[in-house]
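Report on the structure
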Amino acid sequence: MTPELPTLARLRERFRSPGENLPELRGICRLDNPSGDAEAEVIIQYLHALGARTSTLKELLDGIAGLEDEEELSAFECREGVAVTHASDGWWLLFVDGDA
């Protein structure tokens, strides 16, 4: 990831509703082992069921971006990895490489 990218904190601030606290960061998940977090595992399984690959952070980012008609999940590249957010629930997850 490059320094020109926003930090996770900056992304969460950008999407914060006026007068509200920062959106909840549910966890930091290693891409090679998402089973440590229930939401991360569901996201990976969901993407796999739709034929998206998630072996790398780029594949995760592209997989979510490529979902037609997806209104709930969004993914953003940030300095720390790939931030995934769920619109209606408001939570965020940070996916990082396995060696991070």
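Here, every reference points to the structure presented above.
Conventions adopted
Residues numbered from 1 in each chain as written. Predicted model: local features only at pLDDT ≥ 70, side-chain atom pairs only at ≥ 80, totals over all residues. Heavy atoms only, no water. Pairing = 2+ DSSP bridges. Helix = DSSP H or I, 4+ residues; strand = E, 2+ residues; numbered from the N terminus. Axes fitted to C-alpha atoms, helices over the stretch in contact; angles between N-to-C directions. Contact = heavy atoms within 4.5 Å. Buried < 20%, exposed > 50% of the residue type's maximum accessible area, 1.4 Å probe, protein only. Core = buried A, V, L, I, M, F, W, Y, C linked by side-chain atoms within 4.5 Å.

1. Some thoughts on the sheet that holds strand S4 (residues 92-96)
Sheet strands line up and pair through hydrogen bonds in the backbone, either parallel or antiparallel. On the basis of which strands lie adjacent, the open sheet formed by four strands has the order S1-S4-S3-S2 and mixed pairing. Two strands in the sheet have a free side with no partner beyond their single neighbour: strand S1 (25-30) and strand S2 (73-78). On average, adjacent strands in this sheet sit at an angle of 20° to one another, irrespective of strand direction. Pairing of S2 with strand S3 (residues 81-86) involves six bridges; the strand directions are antiparallel. Bridge pairing in S3 links Cys-78 to Gly-81. Packed onto the sheet, helix H2 (residues 38-49) meets S1, S2, S3 and S4 and runs at close to 70° relative to S4.

2. Some details on the side chain of His-86
By the element assignment, His-86 lies in strand S3. On the basis of relative accessible area, His-86 is assigned to the buried category, the value being 15%.

3. Digging into the nonpolar core
Ranked by internal contacts, the top residues of the largest apolar core, which has 19 residues, are Ile-43, Leu-60, Ile-64, Val-84 and Phe-95. Listing elements by their share of this core, those giving two or more residues are H2, helix H3 (57-65), S2, S3 and S4. Residue contacts for Ile-64: discarding those within four places in its chain leaves Ile-43, Leu-47, Leu-73, Ser-74, Ala-75 and Val-84. The next biggest cluster of nonpolar side chains, apart from the first, holds seven residues, and it includes Leu-8, Cys-78, Trp-92 and Val-96.

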